[in-house]
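One-letter residues, chain by chain:
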Amino acid sequence: MRIAMVSEHASPLAVIGGVDAGGQNVHVAELSAALGRRGHHVVVYTRRDDPTLPDRVVFAPGVEVVHVAAGPALPLPKDLLYPHMDALARGLASQWRAEPPDVVHGHFWMSGVAALQAVRLAQTPDRRPPVVQTFHALGTVKRRHQGPADTSPPERAMLEPRLAREVDRIIATCPDEVRELRAMGARPRRISVAPCGVDLGHFRAEGPSEPTGGRRRIAVVGRLVARKGIDLVIAALHELAAEGIGDVDLHIIGGSSVAAGLEADPEAGRLAREAVELGVADQVIFRGQLPREEMPQVLRSCAAVVCAPWYEPFGIVPLEAMACGIPVVVSAVGGLQDSVVDGVTGLHFRPRDHRALAAAIRRILDDPSLATRMGRAGRHRVEKHYSWNTVAELTEQAYLSCVAQLGARRANAPLTALLAVEP
């Protein structure tokens, strides 16, 4: 099968941990590679953000990355990219006229908008590839939690629900997202579920751990943005210190590279000031971006890995920690409620409640045997449900289903209706 992945801001080639580089980049990269291993030909189309980038890059066996001109060839925040989606759609259409895909898979709402438009521009009366969509994050949820701080373009409020109604299939990552999509008007029979995954060969329980100097360590990993709730973890660290537990360090991994200077990262500066104000600055270590190859030994050095967002569509970091045999403490939001089994592979806590978070962390610190059992259960769970091969198989099933359904609709439709998006 010829698969066109569209990921306008999240390139598989990007360095993870920057403001707009995170779980979606990993998802697109790993899913594409897994589909390539299953014998498919995958082309990932992403916006050119550097004039020196080659047009095409071989990423993995069966997988290429194509850079499409859409706006200035320089990095732009994703919330400023919408005006360039027409150009992206035209660039995609020109590629697909010469190299038509069997299925198109958009990642994030702007990619979906561009993908639908490109298909309309490139299609012929007897050929229109189905469009599959993974949202990764929904604007309705973002607005609910961020309110006036939401920097999404205003067009998102109208276009995202429309996209959910018009694509041939949506691949949601968890049941919580399915509920949101149905509320937006998406048809339940056109929704499949395939979670995010984890590289079980890279992230594993066996192997060296980074030295901790005899201190206990917790970690948060990801982009340094307010909604990730890292300030909540700093506040929980203060609670633990007030209870006499002062031998715990918090490692914050993500944001700008250390070489570039974390002082240039506004969120890192805010978090550092918060740590000073709470008297735990000597326990908070900003690591910046770390190479992927170092992450397993860092994770294995932790007593627990914490994920404390206000909201989270899914969350790959808890899977990586569980794959390394480490218990996780997570906000009871979004997909985290499904991937992390409360009391079995980790602990849930009430969102935005730093005292509840501190209590959960203390429970793991105080009971090493519980931590060990959770670590083993976490590894077992990801092996059973969250390998990228499993995710790729579920995604492939969704592709084949919508290809068959579109073919049936096309066979029964009058010729004049074939150039319209099917209802």
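Everything here concerns the structure above.
Visitor: I'd like to hear about the sheet that holds strand β5 (residues 103-107), residue by residue, with values.
Guide: With respect to topology, eight strands assemble into an open sheet ordered β3-β4-β2-β1-β5-β6-β7-β8, the strand pairing being mixed. Two strands bound the open sheet, and with one partner strand each, they are β3 (56-60) and β8 (191-193). Each strand of the sheet is rotated relative to its neighbour by a mean of 25°, with strand direction disregarded. With five bridges joining them, strand β1 (residues 2-6) and strand β2 (residues 41-47) adopt parallel strand pairing.

Visitor: Residue-level account of the side chain of His251, with values.
Guide: Its place among the elements puts His251 in strand β10 (residues 248-253). One polar contact links His251 to Arg287, side chain to side chain, over a distance of 3.0 Å. Ignoring any residue separated from it by four or fewer positions in sequence, one finds His251 in contact with Arg217, Ile218, Ala219, Val220, Ile285 and Arg287.

Visitor: Could you give an account of the sheet that holds strand β9 (residues 216-221), with specific residues and numbers?
Guide: The strand order β11-β10-β9-β12-β13-β14 describes an open sheet built from six strands, whose pairing is parallel. Looking at which strands have only one partner, the edges of the open sheet turn out to be β11 (284-288) and β14 (346-349). Along the sheet, successive strands turn relative to each other by an average axial angle of 25°, direction set aside. Bridging between β10 and β11 involves four bridges; their strand directions are parallel. Counterpart to His251 in the pairing with β11 is Ile285. Against the sheet, helix α12 (residues 354-366) makes contact with β9, β10, β12 (304-307), β13 (328-331) and β14, and its axis sits at roughly 165° relative to β14, the strand it touches most.

Visitor: Which residues make up the pattern of salt bridges, and what values go with them?
Guide: Tallying each qualifying case throughout the model produces 27 salt bridges. Residues Asp168 and Arg128 are paired through a salt bridge, measuring 3.0 Å at the closest nitrogen-oxygen approach. Here Asp168 is found in the loop between α5 (156-166) and β7 (169-172), whereas its partner Arg128 is found in the loop between α3 (109-122) and β6 (131-134), with 40 residues between them in sequence. We classify Asp168 as buried; its relative accessible area is 2%. Bridged by salt links that share partners, the residues Glu30, Asp199 and Arg292 form one connected network.

So, how was this worked out
Residues numbered from 1 in each chain as written. Predicted model: local features only at pLDDT ≥ 70, side-chain atom pairs only at ≥ 80, totals over all residues. Heavy atoms only, no water. Pairing = 2+ DSSP bridges. Helix = DSSP H or I, 4+ residues; strand = E, 2+ residues; numbered from the N terminus. Axes fitted to C-alpha atoms, helices over the stretch in contact; angles between N-to-C directions. Polar contact = N/O pair within 3.5 Å; in protein donor to acceptor, adjacent residues only side chain to side chain. Contact = heavy atoms within 4.5 Å. Salt bridge = Lys/Arg side-chain N within 4 Å of Asp/Glu carboxyl O. Buried < 20%, exposed > 50% of the residue type's maximum accessible area, 1.4 Å probe, protein only.

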